[in-house]
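A look at the structure
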Amino acid sequence: MEQAVIIVTAALWLWFLGAVVTYRLGKYLLVEGVGVKSAEGFMLALFTAGALLYLLRPRAGRWVLLAVLLLWLTVQFFCHWYYTLFGASPRKLEGYNRCFAGTLRLIPRSDTRLIPDLYHIVLHVLILLDILMLTACALCA
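Predicted model, so just to flag it, every value in this text is computed and none were measured.

This next bit is on the overall build of the protein chain. In terms of regular secondary structure, the protein chain is built from 5 helices and 2 strands. Along its sequence from the N terminus, the protein chain presents helices and strands in the succession α-β-β-α-α-α-α. Scaling as 2.2 N^0.38, a compact globule of 141 residues should have a C-alpha radius of gyration of about 14 Å, and the protein chain matches this with 16 Å. Once the C-alpha set of the protein chain is aligned to its principal axes, its extents read approximately 45 × 30 × 25 Å.

Turning our eyes to something else, we now look at the environment of Val68. Counting through the fold element by element, Val68 comes out in helix H3 (residues 58-86). Once the C-alpha coordinates of Val68 and Ile107 are considered, the two residues, 39 residues apart in sequence, prove to be 29 Å apart. When sequence neighbours within four positions are dropped, the list of residues in contact with Val68 reads Met43, Leu46 and Phe47.

Turning next to a nonpolar patch on the surface. Side chains of Ile6, Leu52, Leu55 and Leu56 sit close together on the surface and give an oily, nonpolar patch of about 400 Å² of accessible area. For the nonpolar patch, the element with the most residues is helix H2 (residues 39-56), which contributes 3 residues. Within the secondary structure, Leu52 sits in helix H2. On the basis of relative accessibility, which here comes to 46%, the residue Leu52 falls in the partly exposed class.

What follows deals with the pairing of strand S2 (residues 28-31). Pairing geometry for strand S1 (residues 23-25) and S2, over 3 bridges, is antiparallel. Counterpart to Tyr23 in the pairing with S2 is Val31. Taking the residues that link successive antiparallel strands as the turn, the S1-S2 hairpin has 2 residues, and the phi of Gly26 there is positive, at about 65 degrees.

Turning our eyes to something else, we now look at the side chain of Thr9. Turning to its location among the elements, Thr9 is positioned in helix H1 (residues 2-16). With relative accessibility at 7%, the residue Thr9 sits in the buried group. A polar contact of 2.7 Å, which involves the side chain of Thr9, links it to the backbone oxygen of Val5. For Thr9, the contacting residues outside a window of four places in its chain are Phe47, Ala51, Leu65 and Asp130.

On to H3. Maximal helix bending in H3 amounts to about 45 degrees, located at Phe77. Remark: Gly87 follows H3 within two positions and exhibits a positive phi of approximately 90 degrees.

Bringing the pattern of salt bridges into the picture now. Considering all chains together, one arrives at 2 salt bridges under this definition. Across the pair Glu2 and Arg62 runs a salt bridge, and its minimum N-O distance is 3.3 Å. Of this pair, Glu2 sits in helix H1 while Arg62 is found in helix H3, placing the two residues 60 residues apart along the sequence. You can call Arg62 buried: its relative accessible area is 4%. Between Glu94 and Arg98 there is a salt bridge; the shortest N-O distance is 3.7 Å.

Turning our attention to the packing of H2 against H3. It is at 6 Å that the axes of H2 and H3 come closest, and there the two elements cross at 155 degrees. Taken together, H2 and H3 sit at an angle that is classed as roughly antiparallel. Along this stretch, H2 crosses H3, giving a crossing that reads as left-handed. Residues Met43, Leu46, Phe47, Gly50, Ala51, Leu53, Tyr54, Leu55 and Leu56 of H2 form the contact with H3, whose participating residues are Pro58, Gly61, Arg62, Val64, Leu65, Val68, Leu69, Leu71 and Trp72.

Scoring rules and cut-offs
- Residues numbered from 1 in each chain as written.
- Predicted model: local features only at pLDDT ≥ 70, side-chain atom pairs only at ≥ 80, totals over all residues.
- Heavy atoms only, no water.
- Helix = DSSP H or I, 4+ residues; strand = E, 2+ residues; numbered from the N terminus.
- Rg over C-alpha atoms; globule rule 2.2 N^0.38 Å.
- Contact = heavy atoms within 4.5 Å.
- Patch = residues over 30% accessible without salt bridge, like charges linked within 9 Å, V, L, I, M, F, W, Y side chains within 5 Å.
- Areas by Shrake-Rupley, 256 points an atom, 1.4 Å probe, with all protein chains shown as cover.
- Salt bridge = Lys/Arg side-chain N within 4 Å of Asp/Glu carboxyl O.
- Buried < 20%, exposed > 50% of the residue type's maximum accessible area, 1.4 Å probe, protein only.
- Pairing = 2+ DSSP bridges.
- Polar contact = N/O pair within 3.5 Å; in protein donor to acceptor, adjacent residues only side chain to side chain.
- Bend = angle between axes of the 7 residues up to and from the residue.
- Axes fitted to C-alpha atoms, helices over the stretch in contact; angles between N-to-C directions.
- Parallel < 35°, antiparallel > 145°, perpendicular 65-115°, else oblique.
- Left-handed = near helix turned anticlockwise from the far one by under 90°.

Listed below in structure tokens is the structure:
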């Protein structure tokens, strides 16, 4: 199980790196990176520290990494899914859609709800999967 956690954590790290450097799929923009001097850069550093601690000291690192992931999921919920579930103000919706205007989408934009793009959907699934696997690993230990 711990190897599976390492694989998912590594996949999440590589995927999230796209928030710092730009990822494209051919002519399609997956995510536009904003650089290391950003909130995303800070979160990547925090996640990297938690992941490294998990690799070096699995028993203690598991809890640190889990705390980082729970914080990250909470932030992502209030930045994305809250507005998807409960609707967004016209100002919030306009700003979000402008920020992610050129990104690849599975679900078309809405006039009333914030719809995360493909990058964010995959990011959130990976965060949640990492949390569930770490929790299962902790319960089995």
